[in-house]
Amino acid sequence: MRAQTTGRFTRFADFYPFYLEEHRNPTCRRLHFAGSVLVLALLAAALATGQWLLLLAMPVVGYGFAWVGHFVFEKNRPATFQYPLYSLLGDWVMFRDMLIGRIRF
């Protein structure tokens, strides 16, 4: 449920259905998934090698893939601009939901 006075979501459980509506295009969801996989790969590489500068590429890769999906395929503005923390959490919940088959690729 949205807060009546501010128009902002006050709970992630209320935000997530909105988040999914913003990701109806399968190509956009696939790009989000690919970006998330690459973020995890960069994290693993940084931990394995001690090359901590790899961590700087994580937001570029993650958001880069996601934003291409929004601007090119969804034709909408990423929710990250208005709801940065909920959107980050939403991306990982959607990633999990795609992995377990709850959401189609």
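The coordinates are above.
In this text the structure is predicted, and so the values were computed from the model without any measurement.

**Student:** Got a minute to help me understand the overall build of the protein in this structure?
**Tutor:** Along the protein, the regular secondary structure elements total four helices and zero strands. When its C-alpha atoms are laid out on the principal axes, the protein stretches across 50 × 25 × 25 Å. Taken across its 105 residues, the protein has 36% of its residues classed as buried. Counted over contacts in the protein with a minimum sequence separation of 6, partners at least 24 positions apart contribute 66%. Accessible surface, the protein: about 6,500 Å² in total, of which carbon and sulfur atoms supply 68%. One finds the centroid of the 11 positive side-chain charges in the protein at a distance of 2 Å from the centroid of its 6 negative side-chain charges.

**Student:** Would you mind showing me how to read unusual backbone geometry here?
**Tutor:** Only a minority of non-glycine residues have a phi that is not negative, and only a minority of peptide bonds are not trans. Not every positive phi belongs to a glycine, and Lys75 is a case in point at roughly 60°. By secondary structure assignment, the location of Lys75 is in the loop between α3 (57–74) and α4 (84–99).

**Student:** What's the story with the environment of Arg24 in this structure? I'm lost.
**Tutor:** Relative to the assigned elements, Arg24 resides in the loop between α1 (12–21) and α2 (26–49). On a C-alpha basis, the gap between Arg24 and Phe71 in space is 13 Å, while along the polypeptide they are 47 residues apart. Sequence-distant contacts of Arg24, that is, excluding residues within four places in its chain, are made with Arg29 and Glu74.

**Student:** Got a minute to help me understand the packing of aromatic side chains in this structure?
**Tutor:** Aromatic ring pairs are defined here through the distance separating the ring centres and the angle between the ring planes. Overall, the coordinates contain 17 aromatic pairs when judged by the stated rule. Measuring from centroid to centroid gives 5.3 Å for Phe9 and Phe18, while their planes differ by 35°, and the two rings are tilted. Both rings, one in Tyr63 and one in Trp67, keep their centres 5.4 Å apart while their planes meet at 40°; by these two values the pair is tilted. Taken as a pair, Tyr63 and Trp67 lie in helix α3 at a separation of four residues, close to a single helical turn. Of the aromatic side chains, those joined through ring pairs into one cluster are Phe9, Phe12, Phe15, Tyr16, Phe18, Tyr19, Tyr83 and Tyr86.

**Student:** Just to check I follow, could you spell out the pattern of salt bridges for this structure?
**Tutor:** Opposite charge on two side chains permits them to pair, given that their charged atoms come into close proximity. With the rule as written, the count across this model stands at four salt bridges. The closest approach of N and O atoms between Asp14 and Arg11, which form a salt bridge, is 3.0 Å. Owing to a relative accessible area of 18%, Asp14 belongs among the buried residues under this scheme. For the salt bridge of Arg96 with Asp97, the shortest nitrogen-to-oxygen distance reads 2.6 Å. Exposure remark for Arg96: the relative accessible area of 39% places this residue in the partly exposed category. For Asp97, a relative accessible area of 2% puts it in the buried group.

Cut-offs used in this document
- Residues numbered from 1 in each chain as written.
- Predicted model: local features only at pLDDT ≥ 70, side-chain atom pairs only at ≥ 80, totals over all residues.
- Heavy atoms only, no water.
- Helix = DSSP H or I, 4+ residues; strand = E, 2+ residues; numbered from the N terminus.
- Buried < 20%, exposed > 50% of the residue type's maximum accessible area, 1.4 Å probe, protein only.
- Contact = heavy atoms within 4.5 Å.
- Areas by Shrake-Rupley, 256 points an atom, 1.4 Å probe, with all protein chains shown as cover.
- Lys, Arg positive; Asp, Glu negative; His and termini not counted.
- Charge placed at Lys NZ, Arg CZ, Asp CG, Glu CD.
- Phe/Tyr/Trp six-rings, centres within 6.5 Å; stacked < 30°, edge-to-face > 60°.
- Salt bridge = Lys/Arg side-chain N within 4 Å of Asp/Glu carboxyl O.

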